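Structural description and commentary
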Amino acid sequence: MKKNINKKIRIRPVIQTFFFALIALISVNHALVESGRAIPLLSSASLHALCPFGGVVTLQQFFTSGDLIQKIHESSIVLMTIAVFLAILFGPVFCGWICPLGTVQEWVGKLGRKIFNKKYNSFVPLKYDKYLRFARYFVLAWVLYVTTYTGKLVFQEVDPYFALFNFWSSEVAIGSIIILSVTLIASLFVERPWCKYACPFGAVMGISNFFRIFKIKRNTSTCISCGACDRACPMNIKVSDTNIVRDHQCISCMKCTSEEACPIDNTVELTSFSKEKGADNNEN
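Conventions used here
Residue numbering note: each chain is counted from 1, following its sequence as written. Totals for whole chains, interfaces and linings use every residue, but because this is a predicted model, local features are given only for residues with pLDDT of at least 70 and side-chain atom pairs only at 80 or more, for both listing and counting. Side-chain measures here rest on the full set of heavy atoms in the structure, leaving out hydrogens and waters. Secondary structure counts use DSSP, requiring at least four H or I residues in a row for a helix and at least two E residues in a row for a strand, with both numbered from the N terminus. Throughout, exposure labels follow a simple rule: accessible area from a 1.4 Å probe, protein chains only, divided by the maximum for the residue type, with under 20% read as buried, over 50% as exposed, and the rest as partly exposed. Contact between two residues is taken to exist if any of their heavy atoms lie within 4.5 Å; hydrogens are not considered. For the area figures, the Shrake-Rupley method with a 1.4 Å probe applies, and any residue is considered shielded solely by the protein chains shown. When a carboxyl oxygen of Asp or Glu is within 4 Å of a side-chain nitrogen of Lys or Arg, the pair counts as a salt bridge. Here a polar contact is taken to be a pair of N or O atoms separated by no more than 3.5 Å, where protein atoms must pair a possible hydrogen donor with a possible acceptor and residues adjacent in sequence count only if both atoms sit in side chains. Note: two strands are recorded as paired if DSSP finds a minimum of 2 bridges between them. Put simply, a nonpolar core is a bunch of buried Ala, Val, Leu, Ile, Met, Phe, Trp, Tyr and Cys residues held in one set by side-chain atoms that sit within 4.5 Å of each other.

**A few points about the overall build of the chain**
- When helices and strands are tallied, the chain shows 14 helices and two strands.
- Across the 284 residues in the chain, those meeting the buried criterion constitute 46%.
- If you take every contact in the chain between residues at least 6 apart in sequence, the share linking residues at least 24 apart comes to 73%.
- Entry remark: accessible area of the chain is about 14700 Å², with carbon and sulfur atoms responsible for 66%.

**Looking at the pattern of salt bridges**
- Using the criterion set out here, one finds seven salt bridges in the structure.
- The salt bridge involving Glu 106 is made with Arg 12; its shortest N-O contact spans 3.1 Å. Of the two residues, Glu 106 is situated in helix H6 (residues 100-116) and Arg 12 in helix H1 (residues 12-34); the sequence distance between them amounts to 94 residues. When sorted by exposure, Glu 106 lands in the same class as Arg 12, which is buried.
- For the salt bridge of Glu 191 with Arg 113, the shortest nitrogen-to-oxygen distance reads 2.9 Å. Here Arg 113 lies in helix H6 and Glu 191 lies in the loop between helix H10 (174-186) and helix H11 (193-197), a separation of 78 residues in the sequence.

**Describing the environment of Arg 10**
- Structurally, the position occupied by Arg 10 is in the segment before H1.
- Of the residues examined, Arg 10 reaches a relative accessible area of 43% and is grouped as partly exposed.
- The spacing of Arg 10 and Lys 255 is 245 residues in sequence and 9.8 Å in space, taken between C-alpha atoms.

**Thoughts on the side chain of Glu 191**
- What makes Glu 191 buried here is its relative accessible area of 5%.
- Side chain to side chain, Glu 191 and Arg 113 meet in a polar contact 2.9 Å long.
- In contact with Glu 191, not counting residues within four places along its chain, are Glu 106, Arg 113, Tyr 120, Asn 121, Lys 196, Pro 234 and Lys 255.

**Observations regarding the pairing of strand S1 (residues 215-218)**
- Neither face of S1 is left uncovered, since the one carrying Lys 215 and Lys 217 and the one carrying Ile 216 and Arg 218 both have all their residues buried.
- Note that S1 and strand S2 (residues 268-271) share four bridges and pair antiparallel. Paired with Lys 217 across the bridge in S2 is Glu 269.

**Some words on the nonpolar core**
- One finds Phe 53, Leu 101, Tyr 161, Phe 201, Ile 216, Ile 237 and Val 239 to be the most contacted residues of the largest nonpolar core, which totals 47 residues.
- For this core, the secondary structure elements donating two or more residues are H1, helix H4 (74-90), helix H5 (93-98), H6, helix H8 (135-150), helix H9 (160-166), H11 and helix H12 (200-206).
- The biggest single contributor to this core is H9, with five residues.
- Setting aside chain neighbours within four positions, we find Phe 53 in contact with Leu 140, Val 143, Phe 155, Pro 200 and Phe 201.

Take a look at the structure:
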C-alpha cells in the first residue's frame, strides 16, 4: 500500500539541529568562561570532553596505566560507551542523528544538490569510490598508533570537528582549518565526504552494521524496484540489491526507509533480530 509521505513526522532534522545548537552553545560558553562571562545553567566543558572519539584513542593508555591521553576527559569515555551501546542496538545512529559535523555536511550538501541536481553525489567514479571508502580505516589505524606512541591528542591537529566549533580559538591548528574547509567544499559535490572517506570514529561505528540487533530490511515481496531507497541513501548504498543492509558505511539515517523515501509502506524498515532471521530464511 502506498503511503502519504506528507503525514510522516520527520524527527531526525530536529534532533540534528538540537545537537548542533547544543554543542555550538557549549563551545561558545567555554570561551566565555575564560573571560568571566559564562552563560548561566549551560555546561562550560571543552569540546574534547564532548567527543566520544576521545574515548577510543585513550583506551589503550587508560587500561594499561589508568591515565588518559592529554586533553581527554572521563566524559569522552562515557560518551563513547553510550555511542557504542546505541550502535550495538541500532547501528551508527551517532553518525546519522547526532554528530554536528555530519549535520553541517548535509546542510552544505543541500546547496550542492540544488546546484548539480541529479549529478550531485555521483562525481566520484565507482571504481575509485569503492576503494576510497576504506581509507577511513587507515586514518583510524594511524590515529591510534600515533596517539598511543606519543601519548598526545595528535588528531586535534587535523580534526575538522574541533575546528568547526573553535575556528576563532588559538587552540585550532591550521591543519584542522584546512581539512574543515576541504570537507565543506567537497560537500557541495559529495554527500558527507568526511564520513565516507576519512572519519576514524565513523570507521569504528561502521563495524556495528555487521552485528547490530535492529537492522534495515527490504521486504522483497512488496518492493517495486523503483530505486528510491538507493537515491535517498547519502552513503550511496545499493539498498535495492539486498534484503538486509549490512554495509559498513550505513549511518542509520533511515532516509531509505518507508518512513521517508520508499513509497510503499512496510517495505524498507528497521527490523529486529527475529524478523531478520525470517528474511534470511526467505532468501534460502
